[in-house]
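# Breakdown of the fold
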Amino acid sequence: MHNLFAVLAVGLVLLAGSADAWSFRSWAARRRHKSVHRWQNKRKREAYKFSLPGDSPWPKACDWASLKERLQGDVYVRCEEGYNLTELYSLPLFNFRAGTPEPAAIGEPETAEDVQQLVRFARKHRMRAVVFATGHSHGLQSTGDNTLMIRMRRFKTVVVNAADLTVTIGGGTTGRDAATGVVEQTNGDYTVLHGTAESVGMWGWTAGGGVSTFSAQYGLGADVVVGATVVTGDGDIVHATMDNEHKDLLWAVKGGAGNSFGVGISLTIKIVPRPKVVHTFLGLYPQTNATADGFAVLTENEPDNAGAYYLIGFAPNLVSIIAFCADDGCSEYMAALEALPGCLKNVPGVQGPPRCFPFPMTNYPNDYFNFFAISKRDPHEYLFGCAQYPDYAEGMRRANEWILQPEPVTFKKECYISTIVGGAVQRNDPDGTLTAVSPQFRSVHGYFECTVHWDPDLSYADRITMLKSVYEFEKTQLRPLAPGAAVYWNDGPYVVEPDWQVRLWGSQERYDRLLAIKKKYDRRNFMTCHNCVGWDLGPAVEPLICRDNCSCSNNPTGECSVYDDSYPACKARD
């Protein structure tokens with residue numbers, strides 16, 4: 001064999017010296033060219049194309065049948081019994097901004113191995129995979145047309161480890177379930193940090209940063225994470241801690257947003273002392289600059305165990321102030337709220353808890369979640385703003401003017417400023433080495449956010465007019481108050497901007513680090529969504545609004561999605 005190689009080598013040398021023969025040098029050059037060409041093609045393949053109905057990789061009925069046989073859980077293919085979009089999208093905070101997306105199938109795994117099977121099935125058939133943990137989603141990141149949806153509602157375990165004061169919670173657990181479970185298992189001594197609405201899922205809320213009413217006291221949800229179990233986009237089950245070989249993945253999960261790196265099976269987080277009393281204040285005030293200025297002065301130096309919301313536009317010509325303070329040291333803060341001039345004790349047609357004076361919540365967390373359950377949101381909304389504004393009094397004045405400004409089309413405007421950050425949020429990870437949360441986001445005391453709501457019958461042209469008003473206000477009135485300010489990912493603006501990576505994570509360098517981790521654990525970019533890590537590689541595109549009364553997710557120009565009706569259940573239905 002060695003002699004054969006030697007003969008071949010001599011022959012190649014002779015050929016290289018012949019002007020009439022195919023040159024060895026030319027062969028080597030072609031090899032180099034092919035190598036460069038393969039590298040260029042690899043870069044192009046990063047913009048991975050998902051299959052759609054009609055493409056050759058798209059699963060057939062027999063493929064779905066085979067998948068069902070391999071699962072302990074269930075899969076409901078479009079048109080089959082159990083595929084129930086009405087139940088799926090029944091949450092009061094689910095957003096129908098881009099219609100009612102129809103996944104190709106809804107998988108409900110029972111085990112982590114089931115999740116593996118679903119992810120690998122999506123990879124095999126080149127389907128985009130989305131994760132529906134609890135469904136609380138302003139930006140439609142949890143669903144999409146012609147996707148394989150992985151619904152995590154069977155992963156709701158809450159297991160406290162009393163020895164190290166942590167709790168491990170399943171990937172489909174809501175904040176209310178987690179808080180209640182920890183309270184019950186610790187005899188009322190401890191709870192968890194969580195989102196405001198009871199439908200907020202712990203995994204998605206934490207991965208987006210995790211702002212809580214008690215964040216100034218204990219930090220963000222991302223700050224208390226000590227471990228995570230993930231089925232990666234490559235289909236592997238990985239347990240990540242800050243001490244093992246997957247510490248890069250845990251860093252990314254702590255603020256890297258959504259299910260960008262895989263499907264969250266469980267989180268292990270630190271528990272915090274349960275407040276025995278949450279002193280609460282609710283007041284309605286005239287929508288004036290004087291009210292805004294008074295709120296800004298009152299909240300500028302509020303204690304870490306307190307926080308407040310200033311809501312504009314939720315009632316005509318009125319603003320609402322909601323404030324909380326946990327346990328001791330609250331009397332001076334509550335007295336200052338009570339002394340704020342202009343509170344309206346009786347407003348015709350407005351009902352709810354007592355107003356203009358403090359009242360106690362003694363049955364936390366039930367009282368807390370029941371209090372916020374009184375607010376239901378319109379199903380058609382667009383969220384924007386949300387940057388960090390140090391001078392939030394000026395932002396509130398400008399919001400007052402914009403909300404009262406007449407528009408050529410009819411839609412509802414709302415804004416609020418929250419002062420529940422600051423304190424421990426600023427102290428816990430100021431340089432961003434422990435979490436993926438933007439350091440700029442941590443740097444101020446309040447954050448600003450606005451939404452617009454419209455009637456579902458509003459025409460496409462009128463919706464475009466509405467969005468132009470929104471963009472003009474955000475870019476010319478709010479953003480100049482804090483140039484370069486960061487955005488809280490969970491409530492981030494649904495706008496395609498050239499610097500969205502920097503606004504969400506603080507710098508291009510930080511985003512590039514997240515993207516490198518993404519490529520390590522999800523090489524084909526299956527687990528992605530709008531403004532998630534990897535979204536810039538495409539093609540998880542969600543239009544702002546649909547052109548017609550349909551669903552148009554995954555269609556950047558807003559045309560109605562086309563579905564696969566070739567399955568037996570669809571034919572039987574027709």
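Just so it is clear, the structure is predicted and the values come from calculations on it, not from any experiment. All residue numbers refer to position in the chain's written sequence, counted from 1. Residue-level local features of this predicted model are given only where pLDDT is at least 70; pairs of side-chain atoms are given and counted only at 80 or more, and the full residue set underlies all totals for whole chains, interfaces and linings. Processing note: side-chain calculations cover all non-hydrogen atoms of the structure and skip hydrogens and water entirely.

## Points about the overall build of the protein
Scanning the protein from N- to C-terminus turns up 19 helices and 18 strands. When a residue's accessible area, from a 1.4 Å probe over protein chains only, is under 20% of the maximum for its type it is buried; when over 50% it is exposed; and in between it is partly exposed. Within the protein, the fraction of its 574 residues that count as buried is 58%. Any two residues whose heavy atoms approach within 4.5 Å at even a single point are treated as in contact. Relative to all contacts within the protein whose residues are 6 or more apart in sequence, the contacts with residues 24 or more apart total 73%. Only the protein chains shown count as cover for residues, with accessible areas throughout obtained via the Shrake-Rupley method and a probe of 1.4 Å. With an accessible surface of roughly 24300 Å², the protein has 54% of that area assigned to carbon and sulfur atoms. A run of DSSP states H or I qualifies as a helix once it reaches four residues; a run of E qualifies as a strand once it reaches two. Both are numbered from the N-terminal end.

## Some details on the confidence of the model for the protein
Residues with a pLDDT of 70 or more make up 83% of the protein, whose mean pLDDT is 84. Contacts for the low-pLDDT stretch residues 1–47, under 50 throughout, to residues beyond four places or in other chains number eleven contacts. For every residue, the predictor states its confidence as a pLDDT score lying anywhere from 0 to 100.

## Section: the side chain of Thr143
Assignment of secondary structure puts Thr143 in the loop between strand E3 (129–132) and strand E4 (148–151). Side-chain atoms alone can form a polar contact between residues adjacent in sequence; in general such a contact is a pair of N or O atoms within 3.5 Å, and within protein one must be able to donate a hydrogen while the other accepts it. At 2.8 Å, the side chain of Thr143 and the side chain of Tyr89 are in polar contact.

## A short note on helix H16 (residues 460–478)
The end-to-end C-alpha distance of H16 is 26 Å, a good match for the 27 Å that 19 residues give at a rise of 1.5 Å each. The complete set of buried residues in H16 reads Arg463, Met466, Leu467, Ser469, Val470, Phe473, Glu474 and Leu478. Seen from one end, H16 has its buried residues packed into an arc of 155 degrees, which puts them on one side. Facing away from the buried surface of H16 by more than 90 degrees, the exposed residues are Ala461 and Lys468. For H16, the elements touching its buried residues are strand E16 (381–384), helix H13 (392–404), strand E17 (412–418), strand E18 (447–453) and helix H17 (500–505). By this rule the span expected of a helix is its residue count minus one, scaled by 1.5 Å. By definition, the arc is the one covered by directions from the helix axis to the C-beta atoms.

## Quick word on the nonpolar core
What we call a nonpolar core is a set of buried Ala, Val, Leu, Ile, Met, Phe, Trp, Tyr and Cys residues that are connected through their side-chain atoms within 4.5 Å. Counting 75 residues, the largest nonpolar core has Val167, Val192, Ile269, Phe324 and Trp505 as its most contacted members. Contacts of Val192, omitting those with residues within four sequence positions, involve Val167, Ala178, Ala179, Val182, Met202, Ile269, Ile271, Val272 and Tyr364.

## Quick word on the packing of aromatic side chains
Aromatic pairing here means that ring centres of Phe, Tyr or Trp (its six-membered ring) are within 6.5 Å. Orientation follows from the plane angle: under 30 degrees is stacked, over 60 is edge-to-face, and everything else is tilted. Applying the stated criterion across every chain yields a total of 24 aromatic pairs. Between the aromatic rings of Tyr368 and Phe372, the centroid separation amounts to 5.1 Å while the plane-to-plane angle is 55 degrees, which identifies the pairing as tilted. One end of the pair is Tyr368 and the other is Phe372, both in helix H12 (residues 366–372) and four residues apart, which spans about a single turn. With a relative accessible area of 1%, Tyr368 lands in the buried category. Ring geometry for Trp500 versus Trp505: centroids 6.4 Å apart, planes at 65 degrees, classification edge-to-face.

## As for the packing of helix H3 (residues 61–70) against helix H5 (residues 112–124)
Following both chains from N to C, one finds H3 and H5 inclined at 160 degrees, their axes separated by 10 Å at the closest point. By the angle class used here, H3 and H5 are roughly antiparallel. H5 is crossed by H3, and the crossing has right-handed handedness. Contact with H3, carried on its side by Asp63, Trp64, Leu67 and Arg70, involves Asp114, Gln117, Leu118 and Phe121 of H5 and no other residues of that element. Each residue gets one label: Ala, Val, Leu, Ile, Met, Phe, Trp, Tyr, Cys and Pro are nonpolar, Asp, Glu, Lys and Arg are charged, and the others, such as Gly, are polar. Taken together, the residues of the contact of H3 with H5 break down into four nonpolar, one polar and three charged. Only the stretch in contact is used when fitting a helix axis, every axis being a line fitted to C-alpha atoms; angles between N-to-C directions are given from 0 to 180 degrees. Oblique is the label for every angle not falling under 35 degrees (roughly parallel), over 145 degrees (roughly antiparallel), or within 65 to 115 degrees (roughly perpendicular). It is the rotation of the near helix from the far one that decides the hand of a crossing: anticlockwise by less than a right angle makes it left-handed, clockwise makes it right-handed.

## Section: the state of the cysteines
Only a pair of cysteine sulfur atoms within 2.5 Å qualifies as a disulfide here. A complete count under the given rule lists four disulfides for this structure. The disulfide that involves Cys343 links it to Cys356, with 1.9 Å between the sulfurs. Negative torsions about the S-S bond denote left-handed disulfides, and the value of about -90 degrees found for Cys343 with Cys356 makes this one left-handed. Of the two residues, Cys343 is situated in the loop between helix H11 (331–339) and strand E15 (359–361) and Cys356 in the loop between H11 and E15; the sequence distance between them amounts to 13 residues. Using a relative accessible area of 6% as the deciding quantity, one classes Cys356 as buried.

## Thoughts on the pattern of salt bridges
Between side chains of opposite charge, a pair can form as their charged atoms come close. By definition here, a salt bridge exists when the distance from a side-chain nitrogen of Lys or Arg to a carboxyl oxygen of Asp or Glu is within 4 Å. All chains considered together, the criterion is met by 24 salt bridges. Here Glu198 makes a salt bridge to Arg176, at a shortest N to O gap of 2.5 Å. Here Glu198 is found in the loop between strand E7 (190–191) and helix H7 (202–207), whereas its partner Arg176 is found in helix H6 (residues 175–185), with 22 residues between them in sequence. Among the salt bridges present, the one from Arg523 reaches Asp234, with a minimum N-O distance of 2.9 Å. Placement of Arg523 in the loop between helix H18 (508–521) and helix H19 (568–573) and of Asp234 in the loop between strand E8 (225–232) and strand E9 (237–241) is noted, with a sequence separation of 289 residues between them. The class of Arg523 is exposed, set by a relative accessible area of 60%.

## Remarks on the pairing of strand E13 (residues 306–315)
Counting buried positions over the ten residues of E13 gives nine, a clear majority of the element. At least two DSSP bridges between two strands are required for those strands to pair. The pairing of E13 with strand E14 (residues 318–326) spans eight bridges and is antiparallel. Along E14, the bridge assignment pairs Tyr309 with Ile322. Where E13 and E17 come together, four bridges link them in antiparallel fashion. In the strand pairing of E17, Ile312 is matched with Cys415.

## Some details on the sheet that holds E3
Read across the open sheet, the four strands follow the order E1-E2-E4-E3; overall the sheet is mixed. Sheet topology places strand E1 (74–77) and E3 at the edges, where each strand pairs with a single neighbour. Each strand of the sheet is rotated relative to its neighbour by a mean of 20 degrees, with strand direction disregarded. Here strand E2 (residues 105–108) pairs with E4 via three bridges, running parallel. For Gly107, the partnering residue across the bridge sits in E4 and is Ile150.

## So, the environment of Ala399
Relative to the elements of secondary structure, Ala399 occurs in helix H13. For the pair Ala399 and Tyr416, spaced 17 residues apart in the sequence, the C-alpha separation amounts to 8.8 Å. Once residues lying within four places of it in the same chain are set aside, the contact partners of Ala399 are Ile312, Cys415, Phe448 and Phe473.

## Regarding unusual backbone geometry
A cis amide bond links Tyr364 to the next residue, Pro365, at an omega of 10 degrees. For Pro365, the location among the structural elements is in the loop between E15 and H12. Look at Arg126: it is not a glycine, yet its phi comes out positive at around 55 degrees. You can see Arg126 is positioned in the loop between H5 and E3. Under the relative-accessibility criterion, Arg126 is labelled partly exposed at 40%. The backbone of Cys356 shows a phi angle near 75 degrees, a positive value even though the residue is not glycine.

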